[in-house]
Amino acid sequence: IILIILTVFIFNNDFVKNRISGKLEVAKFSPLDEEASRFNFYIQSSDVIKDNFLFGVGAGNFGGWVSDKNNYIYQKYNFKFYSLKSIDIFYPHLFGELGIFGLIIFLTIYLKIILKLFIISKYFSSNKNSHGYIISTTTFLYGITLIYSGFWSMFLETNFATIIFYFLSGYTYKYYINIKL
């Protein structure tokens, strides 16, 4: 619900709309050898994804911090990094490395955790457990934010962001189990 309200706010706010559309226009019409933008990385990643749709190019071979800029994939597709070390956007990186099957498996596991957090949050809300409700709702929203951020960042790959999410998810689930006993 919050995501829907935020989206409606963004698309009905002229300042935000003009700022986003201005950035898109700059990115869309910039030559690929001139400006490093996430939009350019999406364009460059599309050929890798299209040619390796089912299974990807293999873990560690595309887009992540461990992939070597001089590897075969980047040479084959004439990939440009500009001054960056990675493509800096999670979903093209994951899709390119693991294909549609890897993307579906990752999202299924992640979304199951988020759904469980939502169910736990509703349980704590209906039982008037404020500590459980606050921690479960906060962790749920943090998970949603991470999923959403994968379109423009690599937070889903960074240890700091995901370890906190998994720790809080585990803590919330253990607290829930202890309360139900």
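The text that follows walks through the structure, step by step, so that each part is easy to find. (Residues numbered from 1 in each chain as written. Predicted model: local features only at pLDDT ≥ 70, side-chain atom pairs only at ≥ 80, totals over all residues. Heavy atoms only, no water.)

A look at the overall build of the protein
Phase 1 of the analysis: From N to C terminus, the protein includes seven helices and zero strands.
Phase 2 of the analysis: The order of helices and strands in the protein, counted from the N terminus, is α-α-α-α-α-α-α.
Phase 3 of the analysis: Here the contacts in the protein between residues at least 6 apart in sequence split such that 66% fall between residues at least 24 apart.
Phase 4 of the analysis: When the accessible surface of the protein is totalled, it reaches about 11,300 Å², and 68% of it is carbon and sulfur. (Helix = DSSP H or I, 4+ residues; strand = E, 2+ residues; numbered from the N terminus. Contact = heavy atoms within 4.5 Å. Areas by Shrake-Rupley, 256 points an atom, 1.4 Å probe, with all protein chains shown as cover.)

As for unusual backbone geometry
Phase 1 of the analysis: The phi dihedral of Asn78 is positive, around 50°, even though this residue is not glycine.
Phase 2 of the analysis: Positionally, Asn78 belongs in the loop between helix H4 (72–76) and helix H5 (90–126).
Phase 3 of the analysis: One non-glycine residue, Lys128, lies in the positive phi region at around 55°.
Phase 4 of the analysis: Along the polypeptide, Lys128 turns up in the loop between H5 and helix H6 (130–149).
Phase 5 of the analysis: Look at Lys128 and you get exposed, because its relative accessible area is 73%. (Buried < 20%, exposed > 50% of the residue type's maximum accessible area, 1.4 Å probe, protein only.)

What about the nonpolar core?
Phase 1 of the analysis: Counting 18 residues, the largest nonpolar core has Phe90, Tyr110 and Leu156 as its most contacted members.
Phase 2 of the analysis: Looking at this core, the elements with two or more residues in it are H5, H6 and helix H7 (159–180).
Phase 3 of the analysis: The element that contributes the greatest number of residues to this core is H5, accounting for ten residues.
Phase 4 of the analysis: Setting aside anything within four residues of it in sequence, one finds Phe90 in contact with Phe106, Gly150, Ser153, Met154, Leu156 and Glu157.
Phase 5 of the analysis: With eleven residues, the next largest nonpolar core counts Val57, Ile73, Tyr74 and Tyr77 among its residues. (Core = buried A, V, L, I, M, F, W, Y, C linked by side-chain atoms within 4.5 Å.)

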